[in-house]
Amino acid sequence: MKILTLKWDCFGYIQIINAFKRAGFELCEIDFPREREDTRSSEKLAGLVVHAIQNNNADIVFSFNYFPVVAIAAAACKVKYISWTYDSPYVMLYSRTIEFPTNYAFVFDKTEYINLKNKGINTVYYLPLAADTEYFDEFTFDESERIKYASDISFIGSMYTEKKNDLIHHFDGLDDYTSGYLSGIMDAQKQIYGMSILEKSLTPDIVKNIQKVCPMFESGDGVEDASWVLANYFVARKLTAMERTEMLSVLSEKYNVAIYTPGKTEYLRKTNNRGPIDYYKEFPKAVKASKININITLRSIVTGIPLRAFDIMGCGGFLLSNYQADFNDYFIPDEDYVYFDSVDNLVEKAGYYLEHDAERDKIAKSGYEKVKNYHNYYIRVKEMMDILGIALQGEH
Amino acid sequence: MRALVFRWGAYTEEDLIHYFKIMNINTSIIIYELADKNHDDPFEELLKKKIENGQFDFVFSVNYFPVIAEVCYKTGIRYISWSYDAPLNVINIEETLGLPTNTVYMFDRLQAKEYQDKGINTVFYLPLAVPVERYDAMSLSDKEKAKYGSGISFVGNMYTDILGSYISPLSEYDKGYISAICNAQSNLYGAYIIDENISDELIKRINDKYREIKPDTEIEMSREALSYAMAAFVTRRERISILGVLANRSELKYYSRNKCEMLENAIFCNSVDYVSEMPKVFKASTVNLNITLKILRSGIPLRALDIMGCGGFLLSNYQPELAEYFSDEVDMVMYSSVEDAISKAMYYARNKEKAESIAINGYEKVKKYFNYIDRINTIVDKIK
């Protein structure tokens, strides 16, 4: 069986290739220039994929993230298209092309999966992300590096306050009522983990008021509506910015907190901003050198386990994360990782685990073992192929 | 045992007194219309005299009255109260709640916990009960079945919209904010988030505005009052949505003090007598709706228990303690959105046998686990 993989600068590309190889699949690849072309409707891209499928005699096409043009190409060639979407939000899942029977669209947020299923879409499946512990295991430190990356508590990620992420500044000129309204739904959502009330609470009137100052164009081929876009791209990010700021600020009042983030963070006066780090070369070192690694999930990910969490555990780091319901499917709290469900709870647990080294190490180790054995790319490939009804050809 | 029972007109007084008597608790009654739960000199005199002239083991009331708590404390007699309201609507309740002669039972576990967490150790959790024997003995004539029967029935308060007037002087921003909190709450079942989102600053802004309009105003908005108004607003909207849509698709009777103009196709029946008529509604209807006031965080409302205790089929909003004691789709059915409520109500209204078999299970559970004998035993055991 031959798989055509679409290469772009996504996470996990090398890992999935290795997993496919190990599973006995023949492989071929093409570069997929998704930054330059419209992945919804570019004839050029679709043609590229069609030719690659035909020239290589591929049986299956694979990409990280779902692309409508690829779905069109695969459907035209009558081959299966496996996509594994790790971004959130990901509006292209709402493209009408999702329903092509040749699609096998895997999503990592169970809530997203249920939402799509409830819309009658039967080509989506839930598949959590994974980590390549072998890759992370390779990382060793010398003493200077250990000192460079050492920290009691670390946070690695975007603050979503950077200009490119602060989409809500597009709302300048918004009327007072709607401003208060947005403030209200964010405050309400802050208290709730495991469910999102954002989209449902963005009523048609509110959406209309927002569109007066920030017109949004709905894509021609999609079924997502303005309230979905607003909730997931705008409000969720703004809320995440608020939460990450508040939580890191409060934590840094009591403890030593290092953050690795692209933007400036003058508003976080007591944190040690060490600037952005390279995911492949530095991230594992930063995780391993930190006693506690914080995950504060982007709010558009309603219940899913973010890639960051798998990365941290896969590096053997101790994970202290906000409550995300999908963890309950695979991990045991206080055994493999620890979760918090409020700012106070976060501070309390951070303090506790900074004082209890042995417990912390035990939890980190347990989380690592679980990820290594049950959440690696090879197992995910097996799970995907189970759904496709394809037996693995290689080692079992 | 001898009890002095304070009667003020609570629904459950008659049943309680009946069961006290069955369990050999001698009951004397004191009836009084209290204008103020905290203070009433003539009543305090009257109660004090009655206590001193009798030899009671305890004074009892449905719901909690600080004025009774104080008299009991002064006279050194135990005061037992068992609430079926949440919130309790008692001003400055914490001033007397912890008095050592008190034993205060609350039917909402989270409500009880809130006080217990403050160190008030006179508060205990005790779910409500149903007079199953009395309901069993009630039979309906054909005429009554026609009168009280319906595909779908709802007994309850439609609430008037006071929130609008409370917040009318506020800024547009604050109005938008409050609207958002209400909408967020509408979409949530099993959690009450309104309280945490009413900040002190917001309350202050409201009161500042009131004073701006009328400098010598005596009106003072509190978090409790605003929270209640918001909860009532959200619940009213949920009741209107569900009843309104259902009434367009099925026969629907609602029993309430005031007719709701928005429910055009629903059959408005005046409010029913709790003791003699309400059970007949539940017995004669295929689907009985319970749509809990949002501010009741976890407890099972009396309405829901009464429905099941009458052998009626219960369709209720998701309520944490309901889910704890009863099995969804086995003993009763719960919904977790307006759409869910509508589709389930229609389904069971059309599938009478299924509704009846579920109702029987609910009835058996209520009979076994929510009866007055057990509750009174719990109360009496604590005295000993």
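Rules of the game
- Residues numbered from 1 in each chain as written.
- Chains lettered and ligands numbered in written order.
- Predicted model: local features only at pLDDT ≥ 70, side-chain atom pairs only at ≥ 80, totals over all residues.
- Heavy atoms only, no water.
- Helix = DSSP H or I, 4+ residues; strand = E, 2+ residues; numbered from the N terminus.
- Rg over C-alpha atoms; globule rule 2.2 N^0.38 Å.
- Contact = heavy atoms within 4.5 Å.
- Areas by Shrake-Rupley, 256 points an atom, 1.4 Å probe, with all protein chains shown as cover.
- Lys, Arg positive; Asp, Glu negative; His and termini not counted.
- Charge placed at Lys NZ, Arg CZ, Asp CG, Glu CD.
- Buried < 20%, exposed > 50% of the residue type's maximum accessible area, 1.4 Å probe, protein only.
- Salt bridge = Lys/Arg side-chain N within 4 Å of Asp/Glu carboxyl O.
- Pairing = 2+ DSSP bridges.
- Right-handed = clockwise from strand over helix to strand, strands pointing away.
- Disulfide = S-S within 2.5 Å.

1. Description of the overall build of chain A
(1) Moving on: A count of helices and strands for chain A gives 16 helices and twelve strands.
(2) Moving on: Its C-alpha radius of gyration of 22 Å places chain A within 12% of the 21 Å reference for a compact globule of 396 residues.
(3) Moving on: Projected onto its principal axes, the C-alpha coordinates of chain A cover approximately 60 × 55 × 35 Å.
(4) Moving on: Pairs at least 24 apart in sequence give 67% of the contacts found in chain A among residues at least 6 apart.
(5) Moving on: When the accessible surface of chain A is summed, it comes to about 16900 Å², and 49% of that surface belongs to carbon and sulfur atoms.
(6) Moving on: With 44 positive and 56 negative side-chain charges, chain A shows a separation of 1 Å between the mean positions of the two kinds.

2. Some remarks on the side chain of R375 of chain B
(1) Moving on: As for its position among the elements, R375 of chain B is in helix 16 (residues 372–383).
(2) Moving on: For R375 of chain B, which is buried and forms no salt bridge, the nearest opposite charge comes from D374 of chain B, at a distance of 5.4 Å.

3. As for the pattern of salt bridges
Residue and element names in this part refer to chain A.
(1) Moving on: The full count for this structure, using the stated rule, is 31 salt bridges over all chains.
(2) Moving on: A salt bridge links R34 to D9; its shortest N-O distance comes to 3.8 Å. With R34 in the loop between strand 2 (26–31) and helix 2 (43–56) and D9 in the loop between strand 1 (2–7) and helix 1 (13–22), this residue pair connects regions lying 25 residues apart in the sequence.
(3) Moving on: Judged by relative accessible area, D9 falls into the exposed class, the value being 64%.

4. Describing the pairing of strand 10 (residues 290–295) of chain A
Residue and element names in this part refer to chain A.
(1) Moving on: Counting buried residues in strand 10 gives five out of six residues, a clear majority hidden from the surface.
(2) Moving on: Summarising the sheet, strand 10 and strand 11 (residues 319–322) pair through three bridges and their orientation is parallel. Paired with N293 across the two strands is L319, which belongs to strand 11.
(3) Moving on: Taken together, strand 10, helix 12 (residues 307–314) and strand 11 constitute a β-α-β crossover, and its handedness is right-handed.

5. Digging into the state of the cysteines
(1) Moving on: All chains considered together, the criterion is met by zero disulfides over all chains.
(2) Moving on: Free of any disulfide, C182 of chain B has its nearest cysteine sulfur in C260 of chain B, 17 Å distant.

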